Each structure stands twice: as structure tokens, then as C-alpha cells.
Amino acid sequence: MKPAAFRYHRARDTDGAVRLLAELGEDAKVLAGGQSLVAMMAYRLARPRHLVDIGALRGLDHLGTDTAGALRVGALTTHHSVERAPDSVLGPGFAVVRETMRWIGHLPIRTRGTAGGSLAHADATAEWCLLAVVLDAELHVLGPRGARRIAAAEFFLGPYTTALEPDELLIEIVFPRPAPYAAVTEFAERRGDFALASAAVVLDRDGGARRGGRVALGGVGPVPLRAVEAERVLADGGTFAECAAAAAATLPDDTDGPGGGATYRRQLIRTLVRRACEEADAR
């Protein structure tokens, strides 16, 4: 199919992009890499009357750690740029961000798709969304009322819905703390397809002793979610198998979706969480 008619606007700088969004209102959508939005427009699942193209904006494709040790990712940084970034760029403790990129689609998608575009799109199966939740990311946005920061836990409101106002632009993602013992794993029917379910685990260590951790699940609800009971098991010194069982138990009975019902998805989550725990621990 072909998309519905729209007007194309090309922003020259971030301030200009914000002005355009403020003028055009809710009828406008931001175009970055276009790997999600263009496909939805082609199927007429999205029908924006205006597209604001920010692909040529400079200064939004940065990647690296700051003096405080946080990883800062510009909204226009592509998945492939992160995928091929060396440790000297990512800094110690952020290898999980690079390794997670391998789960995203196929190479052509990773070379065009952007970190900010994925987060603003807010697909519950998206890898960037899962990373943001498990690593406690902070999202920096700019609007006509100025800049503000939104915690990942407050950013995702529902399917394809975020705390971004229609006139605001996501400009940067900040991962505040290194996560040297972390892993992300997922399952799809074919490599490159949308994940049926995914899991991310960050283990907290003090020397050689495990002190707890964080567990996040993707594809099993309207937004990526923290598995609080599974985290409690880790904090209490439980085994990885017990942690995985607790994560699976958090899924409600109506957790159905493409590829299987609640029983199947619980078993899938149990396997993925345990695998992510073991991979994080092996670091």
C-alpha cells in the first residue's frame, strides 16, 4: 500500500524542529531513520498530515562516556554505530548495550534505524526500550518550554505511547551507571523478526559476591516492565532458576500475543531470564 497524503518538512536545527512541531501540533510526526514510522504509514496504521525530518541535524549522533562515567547516546545515533563501537568509546561496563544491537532486525535496518527513533516509537518488544528500563536510563527532551529529563520508568505509558509531548523532541539518552554484569536475550520465530519475548538482567556485585540485581521483561505487556519479584529473589540470594520462576509468575493469565498464550510465554520468560542471568554472571 501507499501512505496517505502528507506534507514534508525538513528541519535545519533542533530549535527549528521544535518550532515546526509546535506549529503543526498533533498532526505531525518526527522522521529520523524511518524504519518503524514509514512501514506503519505504508500500511496506513499511521496517517500523519505532516512529517518533520530531523535526519540531517548535526550534533545528535554522538556516542561516548562523559567524565562521570555515564554513557550518552544521541537520538540520531544508529544501531549499527553502537554495534561497532569499541570499548574505548563505550567505556567499561557498557558492553551489553553494544551486544544488544545484534538482536535488532537485519543489517540494513540497523544502519538506518536510530536509538531515539526506537525509544520514541515505544514498541514493547524493542531492544532500546528494554535497555532503557533495565539500565535506569534518563531521556533528555527539548520543547518550546525548554529542556527536561524523563526517567525511563516514567517515559513509556502504553503501546506506542510515551511521555513526550507532541511539540517535544528526544535529543539524548543517558545511561547513568556502568553495568559490567549484564545481558539481554530474546526469542523470535526467525532471526530479525520482532521478539515474542525478551529479558534483560543486570547483576550487582560487591567484589566476588552477588548483592542483587535488576530484571526487565519485553514483549509480555504494553510496555517493558521490571520483574520486581524476580529482583527480590536475587536480593535474597536465590538461585537463577528461582529468579526465572519468579519472573515467569509475574505474567497474568491474559498474557496472550503472537506466537502463543500465557502458558507458553511463561515458559519462554523462564528460559530467557535464566539464560540472561547465566550470561551476565559469566562476565
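Structural data are supplied above this passage.
About the criteria used
- Residues numbered from 1 in each chain as written.
- Predicted model: local features only at pLDDT ≥ 70, side-chain atom pairs only at ≥ 80, totals over all residues.
- Heavy atoms only, no water.
- Pairing = 2+ DSSP bridges.
- Helix = DSSP H or I, 4+ residues; strand = E, 2+ residues; numbered from the N terminus.
- Contact = heavy atoms within 4.5 Å.
- Axes fitted to C-alpha atoms, helices over the stretch in contact; angles between N-to-C directions.
- Core = buried A, V, L, I, M, F, W, Y, C linked by side-chain atoms within 4.5 Å.
- Buried < 20%, exposed > 50% of the residue type's maximum accessible area, 1.4 Å probe, protein only.
- Parallel < 35°, antiparallel > 145°, perpendicular 65-115°, else oblique.
- Left-handed = near helix turned anticlockwise from the far one by under 90°.
- Nonpolar A, V, L, I, M, F, W, Y, C, P; charged D, E, K, R; others polar.
- Phe/Tyr/Trp six-rings, centres within 6.5 Å; stacked < 30°, edge-to-face > 60°.

Engineer: Would you take a moment to explain the sheet that holds strand β12 (residues 197-206) for this structure?
Structural biologist: Strand pairing within a sheet occurs via backbone hydrogen bonds; the two strands may be parallel or antiparallel. Reading across the sheet, the four strands line up as β11-β12-β13-β14 and stay open at both edges, with antiparallel pairing between neighbours. With one partner strand each, in any of the chains shown, β11 (182-187) and β14 (225-226) form the two edges of the open sheet. Inspection of the sheet shows β11 paired to β12 by six bridges, in the antiparallel sense. Bridge assignment links Ala 183 to a residue of β12, and that residue is Val 201. Most of the contacts of helix α10 (residues 228-235) go to strand β13 (residues 209-218), to which it runs at about 165°, and overall it touches β12, β13 and β14.

Engineer: It is not clear to me how the sheet that holds strand β7 (residues 146-151) should be interpreted in this structure. Could you clarify?
Structural biologist: The sheet built from five strands is open, its strands ordered β4-β5-β10-β6-β7 with antiparallel pairing. The open sheet terminates on both sides in strands that have one partner only, identified here as β4 (63-65) and β7. The mean inter-strand angle of the sheet, taken between neighbouring strand axes irrespective of direction, is 20°. In this structure, strand β6 (residues 138-143) lies alongside β7, joined through six bridges in antiparallel fashion. What sits directly across from Glu 138, in β7, is Ala 151.

Engineer: Before we go on, may I ask you to explain the nonpolar core in this structure?
Structural biologist: One broad rule of soluble globular proteins: the nonpolar side chains tend to lie buried together. If you look at the biggest cluster of nonpolar residues, it comprises 42 residues, and the most contacted ones within it are Val 97, Leu 119, Trp 128, Leu 131, Leu 135, Phe 156 and Phe 175. The leading source of residues in this core is helix α8 (residues 127-134), at seven residues. For Phe 156, the contacting residues outside a window of four places in its chain are Leu 119, Ala 122, Cys 129, Ala 132, Val 133, Thr 161, Val 223 and Pro 224.

Engineer: Before we go on, may I ask you to explain the environment of Phe 175 in this structure?
Structural biologist: Relative to the helices and strands, Phe 175 resides in strand β10 (residues 169-175). On the basis of relative accessibility, which here comes to 0%, the residue Phe 175 falls in the buried class. Along the chain, Phe 175 and Arg 72 lie 103 residues apart, while their C-alpha atoms are 6.5 Å from each other. In this structure Phe 175 touches Ala 70, Leu 71, Val 73, Phe 94, Trp 128, Leu 131, Ala 132, Leu 135 and Ala 137, once residues within four positions along its chain are discounted.

Engineer: How do you make sense of the packing of α10 against helix α11 (residues 240-249) when you look at a structure like this?
Structural biologist: Between two packed helices, the angle of one axis relative to the other and the distance separating the axes together describe the packing. One way to put it is that α10 packs onto α11 with a least axis distance of 7 Å and a crossing angle of 160°. One finds that α10 runs roughly antiparallel with respect to α11. Taken as a pair, α10 and α11 cross one another with a handedness that is right-handed. Contacts between α10 and α11 involve Glu 229, Ala 230, Val 233 and Leu 234 from the first element and Phe 240, Glu 242, Cys 243, Ala 246 and Ala 247 from the second. A per-class count over the contact of α10 with α11 returns seven nonpolar, no polar and two charged.

Engineer: Can you walk me through the packing of aromatic side chains in this structure?
Structural biologist: Inspection of every chain in the model, using the stated rule, returns two aromatic pairs. Summarising the aromatic geometry, the rings of Trp 128 and Phe 175 are spaced 6.3 Å apart at their centres and angled 25° between planes, so their arrangement reads as stacked. Placement of the pair is Trp 128 in helix α8 and Phe 175 in strand β10, with a sequence separation of 47 residues. Seen in terms of ring centroids, Phe 155 and Phe 156 are 5.2 Å apart; in terms of plane orientation they differ by 90°. Their pairing is edge-to-face.

Geometric descriptors of this kind do not, in isolation, establish any biological role.
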